Amino acid sequence: FCFGGKLVAVGCYHGLCVFFETEELKYHTQHQFGKSKKRGSGCKISGISTVPGHVNRILVTSNDSRLRIYDITEKSMICQYKGHVNVSSQIAASFDLEGSHIACGSEDCFIYLWRTEALDQHGKFSSRRDRNSLWESIKAHDSAVSCVAMVTCPTVNSSYSNENGLVTALVSGDYMGCIKVLGPITIS
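Rules used in this analysis
- Residues numbered from 1 in each chain as written.
- Predicted model: local features only at pLDDT ≥ 70, side-chain atom pairs only at ≥ 80, totals over all residues.
- Heavy atoms only, no water.
- Pairing = 2+ DSSP bridges.
- Helix = DSSP H or I, 4+ residues; strand = E, 2+ residues; numbered from the N terminus.
- Axes fitted to C-alpha atoms, helices over the stretch in contact; angles between N-to-C directions.
- Salt bridge = Lys/Arg side-chain N within 4 Å of Asp/Glu carboxyl O.
- Buried < 20%, exposed > 50% of the residue type's maximum accessible area, 1.4 Å probe, protein only.
- Polar contact = N/O pair within 3.5 Å; in protein donor to acceptor, adjacent residues only side chain to side chain.

Draft legend 1. Geometry of the sheet that holds strand β6 (residues 66-71). Strand order across the open sheet formed by four strands is β4-β5-β6-β7, with antiparallel pairing between neighbours. Two strands lie at the open edges of the sheet, namely β4 (45-51) and β7 (76-82), each paired on one side alone. Going across the sheet, the axis of each strand differs from the next one's by a mean of 20°, ignoring polarity. Two elements, β4 and strand β5 (residues 54-62), share six bridges in a ladder whose sense is antiparallel.

Draft legend 2. Spotlight on the pattern of salt bridges. If you walk through the whole model with that rule in mind, you get two salt bridges. The shortest N-O distance in the salt bridge between Arg57 and Asp71 comes to 3.4 Å. Of this pair, Arg57 sits in strand β5 while Asp71 is found in strand β6, placing the two residues 14 residues apart along the sequence. Assigned by exposure class, Arg57 and Asp71 land together as buried. Arg68 is the salt-bridge partner of Asp64, the closest N and O atoms lying 2.6 Å from each other.

Draft legend 3. Layout of unusual backbone geometry. Backbone geometry places Leu25, a non-glycine residue, at a positive phi of 50°. Mapped onto the elements of the fold, Leu25 is located in the loop between β2 (16-21) and β3 (26-32). Here Leu25 falls in the exposed class, since its relative accessible area comes to 56%. Residue Ser65 is not a glycine yet carries a positive backbone phi of 60°. Note that Ser65 resides in the loop between β5 and β6.

Draft legend 4. View of the sheet that holds strand β9 (residues 101-105). Pairing within the open sheet is antiparallel, and its four strands lie in the order β8-β9-β10-β11. Edge positions in the open sheet fall to β8 (94-95) and β11 (136-139), since each of these has one partner strand only. As defined by bridge partners, β8 adjoins β9 across two bridges and the pair is classed as antiparallel. Residue pairing in the sheet places Ser94 in a bridge with Ala103 of β9.

Draft legend 5. Region of interest: the side chain of Ser143. Within the fold, Ser143 resides in the loop between β11 and β12 (145-154). Within polar-contact distance, the side chain of Ser143 engages the side chain of Asp174 at 3.3 Å.

This is the structure we're talking about:
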């Protein structure tokens, strides 16, 4: 669900994302992600989530090893992130609670983290399209990492805590069924 619950987004096998109005499941619009000139169609959409604090934006994960933030109102891509490996897996990226970082698993057994740049006065991300390949990675598992969540927890006297006494940790799972909690972590 996106756009404040007014729309539902459906990701398809060939990169098409179709939006329907939630009340009557009436067609609203669609967008093609990761379109390949060679194949004529896009890459499988493996995850869709909303951008915290922006009801009109979604984060789309696809099997071309890209994450894209898409504005539903303007029907345009805001920013694209690359660095992780996702060629054939069902891997979905997610935000932390504030929307300041994106976390995603990868087929190379790493967890990848991106810092979302601050919005400028026009509501656009300050990083350039197709150019945000600035990431941090953590070797976390021995098989493909399929799921990562950034969680914020209260702590007692930790040098990693923020001004509110909270720490960030990563919870991840891989294709072998192994679940790991990494933290507390500091993300630059």
